[in-house]
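Structure assessment
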Amino acid sequence: MTKRFAIIGAGMSGILAGIKLKERGIADFTIHEKAARLGGTWRDNTYPGLSCDVPSHVYAYSFELKGDWSHRFSPGAEIQGYFEGVAQKYGLAPHFRFDSEIERAVFRDGRWHLTARDGTTDVADFVISATGVLHHPAWPDIAGLEDFAGARFHSARWDHSVALDGKRVGVIGTGSTAIQIVPAIVDRVARLTLFQRTPQWVLPLANPAYSEEEKAMFVASAERLRQSYDYWAARFIDTFARAVIGDREEMAKIEKACRDNLLDNVHDPALRALLTPDYRAACKRLIMSDTFYPAIQKPNACVIADGIERIEPAGVRTRDGTLHALDVLVLATGFDAHAFVRPMDVVGDGGRRLADAWSDANEAYRSVAVPGFPNFFMLVGPNSPIGNFSVIQISELQIDYILQLVDLVRSGRCQAVAPSTEATRRFNADLREAMKGTVWVSGCRSWYLDKNGNPALWPWSFDRFRDEMRAPDLADFALTA
Ligand code: NAP
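What you are looking at is a predicted structure, and each value in this text was computed from that prediction instead of being measured.

Some points on the overall build of the chain
If you tally the helices and strands in the chain, you get 13 helices and 23 strands. With the C-alpha coordinates aligned to their principal axes, the bounding extent of the chain is approximately 70 × 50 × 45 Å. Intrachain contacts of the chain at a sequence separation of at least 6 include 71% that bridge at least 24 residues. Put simply, the chain shows about 19800 Å² of open surface, and 49% of that area lies on carbon and sulfur atoms.

As for the packing of aromatic side chains
Summed over the entire model, instances satisfying the criterion amount to 26 aromatic pairs. Considering the side-chain rings of Y61 and Y82, the 6.0 Å spacing of their centres and the 35° angle between planes classify their relative orientation as tilted. On the criterion of sequence distance, the pair formed by Y61 in the loop between helix 2 (41-44) and helix 3 (76-89) and Y82 in helix 3 is long-range, its members being 21 residues apart. This pair shows no difference in class: Y61 is buried, exactly as Y82 is. Centroid distance Y231 to W232: 5.0 Å. Interplanar angle 75°. Geometry classified as edge-to-face.

What about the site of the ligand?
Near the ligand, the surroundings consist of 24 residues, among which D53, T177, T198, K284 and W447 are the closest. Between the ligand and the protein, one listed contact pairs an oxygen atom with a backbone N or O atom of D53 at 2.6 Å. Here an oxygen atom of the ligand sits 3.0 Å away from a polar atom, N or O, in the side chain of R445. Surface burial for the ligand is 86%, taken as the share of its 920 Å² of free accessible area covered by protein chains. Among the elements that line the shell around the ligand, the one with the most residues is helix 4 (residues 176-185), at three residues. In terms of residue class, the shell around the ligand is built from nine nonpolar, 10 polar and five charged. The residues that make up the shell around the ligand include at least three from each of domain 1 (5-136 + 336-480) and domain 2 (145-201 + 245-331).

Things to note about unusual backbone geometry
In this structure, P343 follows R342 across a cis peptide bond, with omega equal to 15°. The topology assignment puts P343 in the loop between strand 19 (335-336) and strand 20 (345-347). Of note in this structure, F340 is not a glycine but carries a positive phi near 50°. You can see F340 is positioned in the loop between strand 19 and strand 20. Phi is positive for S367, which is not a glycine, with a value near 75°. As for its placement among the helices and strands, S367 is situated in the loop between helix 10 (354-357) and strand 21 (376-378).

Points about the sheet that holds strand 14 (residues 301-304)
The strands making up a sheet are joined through hydrogen bonds of the backbone, oriented either antiparallel or parallel. A sheet is described by the order of its strands in space; here five strands give the open sequence 9-18-10-11-14, paired in parallel fashion. Pairing within the sheet leaves two strands with one partner each, and these edge strands are strand 9 (151-154) and strand 14. Strand-to-strand twist across the sheet, computed as the mean angle between neighbouring axes with direction ignored, equals 15°. Relative to strand 14, strand 11 (residues 191-195) runs parallel, the two being bridged by four bridges. Paired with T193 across the strands is C302, a residue of strand 14. This element, helix 4, spans strand 10 (168-172), strand 11 and strand 18 (328-331) of the sheet and lies at about 170° to strand 11.

What counts, and where the lines are drawn
- Throughout this description, residue numbers start from 1 for each chain and increase along the sequence as written.
- Per-residue local features of the predicted model are confined to residues with pLDDT of at least 70, and side-chain atom pairs are confined, for both listing and counting, to 80 or more; whole-chain, interface and lining totals are unaffected and use all residues.
- Side-chain figures throughout are based on the complete set of non-hydrogen atoms in the structure, without hydrogens or water.
- Think of it this way: any DSSP run of H or I at least four residues long counts as a helix, any run of E at least two long counts as a strand, and we number them from the N terminus.
- The contact criterion used is simple: two residues touch if any of their non-hydrogen atoms lie within 4.5 Å.
- Here, Shrake-Rupley sampling with a 1.4 Å probe gives the accessible areas, and only protein chains in the shown set may cover a residue.
- Here a pair means two rings of Phe, Tyr or Trp (six-membered ring of Trp) with centres within 6.5 Å. Their orientation is stacked below 30 degrees between planes, edge-to-face above 60, and tilted elsewhere.
- In this scheme, a residue with accessible area under 20% of its type's maximum is buried, one over 50% is exposed, and one in between is partly exposed, where area comes from a 1.4 Å probe on protein chains only.
- Residues are labelled near a given molecule or strand when at least one of their non-hydrogen atoms is within 4 Å of it.
- Two N or O atoms form a polar contact when they lie within 3.5 Å of each other; inside protein one atom must be a possible hydrogen donor and the other a possible acceptor, and for residues adjacent in sequence the pair counts only when both atoms belong to side chains.
- Charged residues are taken to be Asp, Glu, Lys and Arg, nonpolar residues to be Ala, Val, Leu, Ile, Met, Phe, Trp, Tyr, Cys and Pro, and polar residues to be all remaining types, Gly included.
- In this document the domain limits rely on a domain assignment from an automatic tool or a database.
- By definition, two strands form a pair when at least two bridges between them are found by DSSP.
- The angle between two axes is taken between their N-to-C directions and runs from 0 to 180 degrees, where each axis is a line fitted to C-alpha atoms and a helix contributes only its stretch in contact.

This is how it looks when you write it as structure tokens:
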């Protein structure tokens, strides 16, 4: 029976969903994308120094490895080019509908009725939401932000028309983004002021370029490339991913590496004290960089940790009364990582709204589906293991799982499928219990934590995630005849 699909979002997961539908012989689908181009976070983020902190050989679809990545952690523009190339190669062009921001999706008479911002509509049997996580820029709630007389922009909306050379540039934030921006611009600007609210632990990971010989070797040998993929995937899973969910031995190694990095590479004791966190390594997203400490110690750079009082036309006034005069202000203040599918208004069976179902917490069944929302699935939904390993691996496992549920409908076994309330409740109770053993709740503020203080991540092992995604347990689902 022919069924129609609407995929929402043309980032890494939306492209993947399109490829997998085509692989199954499904041609009737549209990928709605609110922007004018595909790429998701790699389209939106173009800031200087942007690269991925997952090694390039594993930050790629497992079925479309790329041998000629320039670096171990390749720059953002290269990653954007990779996704554009893959979408073209797999013939997705006719399926994209750009500038199509879906504002509303309503389940009525057994189908999903979608309405875009411009009023156009679509009707589909299935919705696959691939709307991303680090997507909605978080604007800091700082008094006077609008008053700043110089150029001011969020890191995910970098204004390339603003010249930085010879300017006094302020960066607010010390997350992965800011820590990449600082080394990339410090030599161009007259003065770089980093406004730090909380110091970060930094793991000194080098980012060597691949030589021409290495690239040629990986391009020529699919086997060597696969070995490199497996090697990097295993390194993450066996070390970092184990550490964050409670492996003390692995965590001790990470903590020591971070402490040694600070001691060995920050020479001024006063600056070192300023940069020393009072919480455990990896409680926040661990920063991977061997360029930040050298950059912040350059004579034209400084860390200001006095707390921001307000922003004035001439610069940033800190609580000690000092005005830090600036020409350019960069807000590297992160994202609202808990919006997930929202602000899209999703209305399920019997008028049940996703916004209401999630008013207290984003509770999904195994990250991919929500009770009362039949034939509606999410890629990289709540509690996906985004803090642990490559999000592409996660998305691949999730889409295979989702398509097994889709096949129940396509084969005529049922008309609609959604998880049961009881199974979802049980899953989320288990999640909350398991979170108690993770480093994410050991005492820090981070985007990992929702408004109730619960991490939006996966508290178990990669093996468990892979096992849970192998095949749906149909006892946990309500199948509508
Ligand atoms: P982030 O980790 O959420 O960091 C935001 C920073 O802004 C924090 O230092 C935060 O301080 C600060 N901040 C927020 N509001 C503030 C305010 N009102 N006043 C002062 N400071 C404020 O955001 P991000 O750096 O954009 O990174 C988000 C995630 O994106 C990363 O964790 C990572 O998963 C991903 N990412 C990855 C890469 C990579 O692959 N290399 C690069 C960039 C981003 P507090 O710490 O005190 O809250």
